[in-house]
Amino acid sequence: MNPLRIILGITAMLAVAVGARADDAAPDKSYSGSPFERTTLTGDWGGLRNELATKGVTLDATVTQVTSGVVDGGKDHTWQYGGRAELSTTIDSQKLGLWPGGFLLIELEGNWDRATGFRDTGALMPVNSNQLYPIPSGSNFNVPAVTFAQFLSHYVGVTFGKFDTLSGDDNEFAHGKGDTQFLNLAFNVNPTLLLAAPYSTLGAGVIVLPTKDPQAAIVNFTVLQANGNASEAGFDDLTTDKLTFAGEGRVRTGFFGLTGHQLVGGAYSNRNFTSLDQRIGAVLDKNLIVKQTDTWAVYYNFDQYFYEPKKGSGQGAGVFARLGFSDGNPNPMEDFVSLGIGGKGVFESRANDGFGLGFYWIDVKTPTLQTPLQDLSFLQDEWGFEAYYAAAVTPWLVLTPDLQVVEPAQKKQVLGLLDQPSVHTDVIVGLRMHVIF
């Protein structure tokens, strides 16, 4: 019997059968105000939007467009343009007048055209992560998340459905899908996790709130389908040898009287992967691709304000860092580190502006093709730097100039086994426009 099917079934029965008070639910969202003051372009819809939010139903939509190009180094200097739209709905069962403790999240997502990527830069880390979702190739529209959570008490909840796993590895200054903070994937999520945990996949798990306050501390344990994707429901492909087991804990700290967070987690997948090391004789003569069973990754991140005008307001500036470690085979990203500073509303007159400066480095376990004459390797360690400034024209319209310098993992442009000229350090310039509807 498939353990994920068992967990999905038991969790669903518990969620329907048991309720809990939701006194700590997030406060109502206000969409009212003038076009230059409100948080959304379309406002409160004549009061309907605020009324729905009071009843526990929120409807939010964003469109993010990015134009960018490699202006020096790299492989291709063609200027690229792409965009992504996202519509999300959340429903609080208690506010809706049903049962207490239930929360439903639905995400719809689509992208178009193409971003500056590996074919332009030679870098493992996408320099425009906004374009990766729901599927990296352009012109897609999918439903990456339909997730239900039911709290059984103030301290414990269960959750199941199709997960948007990018909600994990949260960080105050470096997180998300490249739409509001950093563009480079290396600053938005720990890349050592990407092989074990798909972006959109079926799963079920347990949520623990040690202090009843999810902002103070939260622990979760989840079983995920290891080969899920945003374009398929995934129920027809649930097997015991394609599962990911993940756990994560995050706690709020108060060092120096300022807000901070510490997070640690890990993931293990039991599915089969292609090994990074291949012998050309076995590949050509026996048509045998060497496999590597399972993969694992552990990760850590922290953020800490060093300037916070009002504690807990989300305004101010601070530092962040991420560390990640994996098996190194089949995962080519064996060790990872990123660090930097970020902030929002540092200047009183520019309360909605944000900024970030970051550096990352990846210890790459290069794929090796063993031949009778020599061993051919294709990658090297990669590092990169990014700086951005998010200038809010209004609270719902933000323009972000972005600069990146990346030493790519790809050493040479390789066509078959023929080495081409070396790939030099990339300089990437971009401009992002983010609109909240």
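What counts as what
- Residues numbered from 1 in each chain as written.
- Predicted model: local features only at pLDDT ≥ 70, side-chain atom pairs only at ≥ 80, totals over all residues.
- Heavy atoms only, no water.
- Salt bridge = Lys/Arg side-chain N within 4 Å of Asp/Glu carboxyl O.
- Core = buried A, V, L, I, M, F, W, Y, C linked by side-chain atoms within 4.5 Å.
- Buried < 20%, exposed > 50% of the residue type's maximum accessible area, 1.4 Å probe, protein only.
- Helix = DSSP H or I, 4+ residues; strand = E, 2+ residues; numbered from the N terminus.
- Contact = heavy atoms within 4.5 Å.
- Pairing = 2+ DSSP bridges.
- 1 Å grid on protein atoms, 1.4 Å probe; cavity = no way out; pocket = protein on both sides within 12 Å on 5 of 7 lines; lining within 4 Å.
- Points joined across faces, edges and corners; volume = space filled by probe spheres on them.
- Phe/Tyr/Trp six-rings, centres within 6.5 Å; stacked < 30°, edge-to-face > 60°.
- Lys NZ or Arg CZ within 6 Å of the ring centre and 35° of its normal.
- Polar contact = N/O pair within 3.5 Å; in protein donor to acceptor, adjacent residues only side chain to side chain.

Novice: Just checking my understanding: could you explain the pattern of salt bridges for this structure?
Specialist: For side chains of opposite charge, pairing can occur when their charged atoms come near one another. Counting across every chain of the model gives 15 salt bridges. One network of salt bridges, in which partners are shared, links R84, E86, E107, E109, D164, K177 and D179.

Novice: How should the nonpolar core be read in this particular structure?
Specialist: Within soluble globular proteins, side chains that are nonpolar tend to cluster in buried spots. Ranked by size, the top nonpolar core spans 31 residues in total, and within it M125, Y360 and I362 carry the most contacts. Within the residue set of this core, elements represented by two or more residues are β13 (333–344), β14 (354–364), β17 (382–394) and β18 (397–407). When residues no more than four places from it in sequence are discounted, the contact partners of Y360 are M125, N184, A186, F187, F336, V337, S338, E382, W383, G384 and V406.

Novice: So what exactly am I meant to see when it comes to the pairing of β18 here?
Specialist: In the sheet, β17 pairs with β18 via nine bridges, with the strands oriented antiparallel. Note that in β18 the partner of F385 across the bridge is V405. Between β17 and β18, which pair antiparallel one after the other, the connecting turn spans two residues. Here β18 runs beside strand β21 (residues 424–436); their pairing, made up of 10 bridges, is antiparallel.

Novice: Mind showing me how you'd approach empty space enclosed by the protein here?
Specialist: The gaps left among the atoms become clear once a water-sized probe is rolled over them. All told, the structure shown has one cavity of 30 Å³ or more when counted by the stated rule. Estimated volume of the largest cavity: approximately 30 Å³. V66, S68, V127, N128, L183, D402, Q404, I428, V429 and G430 together form the lining of the largest cavity. Looking at the lining of the largest cavity, the elements that each hand over two or more residues are β1 (57–74), β18 and β21. Here the element with the most residues in the lining of the largest cavity is β21; it accounts for three residues.

Novice: Sorry if this is basic, but what is going on with the packing of aromatic side chains here?
Specialist: The geometry of two aromatic rings is summed up by the distance between their centres and the angle between their planes. Under the criterion given, the structure shown has 11 aromatic pairs. Ring centres of F187 and Y360 lie 5.8 Å apart, and the angle between their planes is 80 degrees; this geometry places the pair in the edge-to-face category. With F187 in the loop between β5 (156–164) and β6 (200–208) and Y360 in strand β14, this pair connects stretches of sequence that are 173 residues apart. Note on Y300 and F302: the rings are 6.4 Å apart at their centroids and 35 degrees apart in plane angle, and the pair reads as tilted. Among the residues examined, Y300 registers a relative accessible area of 28% and is labelled partly exposed. An aromatic cluster is defined as three or more aromatic residues linked by ring pairs; in this entry it consists of F182, F187, F320, Y360 and Y388. Seen from the ring of Y133, K177 lies directly overhead, with NZ or CZ sitting 5.7 Å from the centre. The positively charged end of R432 is found above the aromatic ring belonging to Y388, 6.0 Å away from the centroid.

Novice: Explanation requested: the side chain of D303 in the structure shown.
Specialist: Here D303 is to be found in strand β11 (residues 291–307). Reaching out from D303, the side chain makes a polar contact with the side chain of R250 at a distance of 3.4 Å. Among the polar contacts made by the side chain of D303, one reaches the side chain of H261 at a distance of 2.8 Å. Residues in contact with D303, not counting those within four places in the same chain, are N171, E172, F173, R250, G260, H261, V319 and F320.

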